[in-house]
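# Structural overview
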Amino acid sequence: MVKDKATADAVLQGIKDYYVNMSPGELVKIEVSNSVKLVEKFVNPDEIITAEAAKNLILKGTLELATYKVKQGDTLWTIAKEQNMPLDDLIKANPQLKSENKLALGEVINLKSIKPLLDVTVTKKVTYQEPLAFETQVVKDDTMWKWDQKVKQPGENGTKEVAAQVVYKNGIKVGQEVLSEKVLKEPVTRIVARGTRAEVAFRGSGRFLWPSVGKITSPFGRRGREFHTGIDVAADRGTPIRASNSGTVTFAGRKGSYGNLVIINHGGGFETYYAHASSILVSVGDKVEKGQQIATVGTTGRTTGPHVHFEVRLNGNPQNPLSYLNK
Ligand SMILES: [Zn+2]
């Protein structure tokens, strides 16, 4: 009970202001759901309370609010334990806390759930910005190997502005409706190029290049008691040895009677070998182009004179290179 109608009106307005100021945004409407009746009557002066007390009574549901002042080192958990109350109840009693983990020194915590005497619903219009996620587009690139991929354009998030109507009941958010969205900045699509280039099924189509220009001094096949797994192409020491097709270097170094050897994998089960090189110009993992110089003719390993020993292997089995070389 307060002393007069003006005070009662002020109390009611104070309550409305309290909830309106509690949340951000532009006020759309405010509703007091319980019907409020102001009644004038004579009462004992002891029963008259101040406007401030009346406002607190309506907001908190009680005049004697059990509270606790935060001390150094307090957390909601330690307070709940000390007050011998469930942590969940303590959290519910303090919806005003932004974080359950950070309490300000001297902050006043409610130890009992607040049950306001009036239900005040505040509707507000708020605008905020949200990121707009970028999309990824994959483009095919026939100049790249199919196992390669590279980012041609990095993606960038855009920004949108959202206008929403938010409903708060007694200061607690209970609903939200998006009114409109406006794109402030379009996202930038991430573009990834994926290679499509693959070498498959040559089958004697003559698509391999000669590794060097010269005479065949030893053909593929039986050679006395041995089997010659490639052809020997004679050339002067230092003559370039070229990749007979594009592919990936899988071996580059010394290997027994091969001497300095380069092996290139062309995909589709095909490999080519280039032996006896005097020097090697590529490393394992290098992607080489058809016709690219990979080594120079030499006499390393078991040879009688400078030549390149050239092999074509399909699934590991030596093939007659002449079936694959341009005539
Ligand atoms: Zn040979």
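Bear in mind the structure is a predicted one, so any value in this text is a computation, not a measurement.

## Focus: the sheet that holds strand 20 (residues 293-296)
With antiparallel pairing, the three strands of this open sheet are ordered in space as 14-20-18. On the outer flanks of this sheet lie strand 14 (240-242) and strand 18 (279-280), each paired with one strand and no other. Inspection of the sheet shows strand 18 paired to strand 20 by two bridges, in the antiparallel sense. Opposite S279, over in strand 20, you have T296 as the bridge partner.

## A closer look at the domain arrangement of the protein chain
Domains assigned within the protein chain are domain 1 (5-120), domain 2 (121-197) and domain 3 (215-323). Placing a centre on the C-alpha atoms of domain 1 and another on those of domain 3 gives a separation of 87 Å.

## Things to note about the coordination of the zinc ion
Surrounding the zinc ion are the protein donor atoms H228 (NE2), D232 (OD) and H309 (ND1), which sit 2.0 to 2.3 Å from the metal. Each donor residue of the zinc ion lies on the same chain, and together they follow the pattern H-x3-D-x76-H. Of the two residues, D232 sits in strand 13 (residues 231-234) while H309 sits in strand 21 (residues 307-314), which places them 77 residues apart along the sequence. Each member of the pair, D232 together with H309, is buried.

## What to know about the pattern of salt bridges
Counting across every chain of the model gives nine salt bridges. We note a salt bridge from E156 to K185, for which the minimum N-O separation is 3.3 Å. With E156 in the loop between strand 6 (149-153) and strand 7 (158-169) and K185 in strand 8 (residues 172-185), this residue pair connects regions lying 29 residues apart in the sequence. Residue E156 is classed as partly exposed on the basis of its relative accessible area of 42%. Residue R302 pairs with E226 through a salt bridge whose shortest N-O separation is 3.6 Å. Taken together, the residues R302 in the loop between strand 20 and strand 21 and E226 in strand 12 (residues 226-228) connect sequence positions 76 residues apart. For E226, a relative accessible area of 40% corresponds to the partly exposed category. Among the charged side chains, a salt-bridge network with shared partners connects E130, K160 and E181.

Rules and cut-offs
Residues numbered from 1 in each chain as written. Predicted model: local features only at pLDDT ≥ 70, side-chain atom pairs only at ≥ 80, totals over all residues. Heavy atoms only, no water. Pairing = 2+ DSSP bridges. Helix = DSSP H or I, 4+ residues; strand = E, 2+ residues; numbered from the N terminus. Domains from an automatic or database assignment. Donors = N, O, S within 2.8 Å, 3.2 Å for Na, K, Ca; no water. Buried < 20%, exposed > 50% of the residue type's maximum accessible area, 1.4 Å probe, protein only. Salt bridge = Lys/Arg side-chain N within 4 Å of Asp/Glu carboxyl O.

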